[in-house]
Each structure stands twice: as structure tokens, then as C-alpha cells.
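# A look at the structure
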Amino acid sequence: FGTLGYFRQGAPHREASKANNHFLLVSMAGGPSPTQIEMAATINFLPLAKHFGAVEKCSKDFGIPNLTSWCPLDLQEYGQLDNFYNQRVLDAIYNEGAGTEAVDFPNAIYINGIDTGGRIRTGTQRLNPLKLDGGSEPSLTDDGHDTDGYAYAATLVGATVRRLCRGTRAQAKGVCEG
């Protein structure tokens, strides 16, 4: 949730960048820690490591309550886990921005795993379910949430329309009523 505080002052940050003729780009694309990379490599290349605590060590390094027996083994799985938490930040900023003009998004955001329809994948099935060996990889669970996602593009478009409608020209022309 590191970007939450920054986005809560997103409009002033964006305007300061604009005043300096800069484009404000913020990254929400995370990456695994060195421990997570080491444990994922250990699990991938030394399969018996699963039985000697590698998965648990990787899980613990995330610091997520109740995540005790799963370790993302590649960047795609890590990105989807990251997006699960990013959706909470995006949604909070979009909703808070309705009542507070300072709360807003930057000009652009880097983020992991854009899915069809402008969503970010948050479900349990890999965004690209094909394994490197050409086979197909099943979902991690059978809970009906394998292809869940968050409306990333729609959220940013909605925030942009709201920002434009707050402008005096748009209000004067009656463009944003209704």
C-alpha cells in the first residue's frame, strides 16, 4: 500500500510536475525480494527443497497473514499477487477522489499483468496459462475466482473524466451534467 499516501496528494504532485513541464509516472509494478527469488529458484531447480522449508521461508518473507504454504514461482504469479493488493489502493483512491480533489492519480501508472478488457488479473489462474514446455497449467484453486480482475482501465478513465468535469470550461458548457 506504499502508493496510497502518495496518491492521496496525487493532484498536487501532478500539478507540480506539470508546472515543471514534466509527466508524472508512478510505478505500482512490484518485484519479489531477494529471498523470494532465491526460494523460487530453489523450489524450481531443486524440487526436494519443497520438503525442507523453502516454500514456507518464501511465504513468510511476504509478511501476509495466513500465507504459509505458497510461493510465487515466476514473475507472472508474483504480479498477480501484487495486483490483488494494488486493486485495493486503486479503488480507495478512486472512491476518496470523489470527495477530495487532492486525491487523484498521476498521468500514468506502471502496473503488472493487464488482462483483457483493461483489467488487472487478481484471480488464481495465470494470465497466460501456458507453461514454457507448451503444456497447459490448471488453476491453483477451483473456487470460481480463477480469472477475477479489477477494472483498472475503467477506474483511470473514470477518474480522468471526473477531473475534467471539475474544470471550469467543462462545467460552463454543461458537458458533465447528469
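Details of the structure are given in the entry above.
Quick caveat, the model's predicted, so the values are computed rather than measured. (Residues numbered from 1 in each chain as written. Predicted model: local features only at pLDDT ≥ 70, side-chain atom pairs only at ≥ 80, totals over all residues. Heavy atoms only, no water.)

The next point concerns the overall build of the protein chain. When its secondary structure is counted, the protein chain shows seven helices and four strands. Each helix and strand of the protein chain, placed in order from N terminus to C terminus, yields the pattern α-α-β-α-α-α-β-β-β-α-α. For the protein chain, buried positions account for 34% of its 178 residues. Here the protein chain has roughly 10900 Å² of accessible surface; of this, 56% comes from carbon and sulfur atoms. (Helix = DSSP H or I, 4+ residues; strand = E, 2+ residues; numbered from the N terminus. Buried < 20%, exposed > 50% of the residue type's maximum accessible area, 1.4 Å probe, protein only. Areas by Shrake-Rupley, 256 points an atom, 1.4 Å probe, with all protein chains shown as cover.)

The relative placement of two packed helices comes down to the angle between their axes together with the axis-to-axis distance. In the contact formed by helix α3 (residues 34-45) and helix α4 (residues 54-62), the axes pass within 9 Å of each other and the chain directions differ by 155 degrees. Between α3 and α4, the angle is such that the two are roughly antiparallel. Relative to α4, the crossing made by α3 is left-handed. Where α3 abuts α4, its residues Thr35, Gln36, Met39, Thr42 and Ile43 lie against Ala54, Val55, Lys57, Cys58, Asp61 and Phe62. A class-by-class count of the residues in the contact of α3 with α4 yields six nonpolar, three polar and two charged. (Axes fitted to C-alpha atoms, helices over the stretch in contact; angles between N-to-C directions. Parallel < 35°, antiparallel > 145°, perpendicular 65-115°, else oblique. Left-handed = near helix turned anticlockwise from the far one by under 90°. Contact = heavy atoms within 4.5 Å. Nonpolar A, V, L, I, M, F, W, Y, C, P; charged D, E, K, R; others polar.)

This part is about the packing of helix α5 (residues 75-97) against helix α6 (residues 152-166). The geometry of α5 relative to α6 is characterised by a closest axis approach of 11 Å and an angle of 20 degrees between their N-to-C directions. Regarding the angle of α5 to α6, the classification is roughly parallel. For the crossing formed where α5 meets α6, the hand is left-handed. Residue-level contacts link Leu90, Ile93, Tyr94 and Gly97 of α5 to Tyr152, Thr155, Gly158, Ala159, Arg162 and Arg166 of α6. Each residue belonging to the contact of α5 with α6 can be placed in one class, and the counts come to five nonpolar, three polar and two charged.

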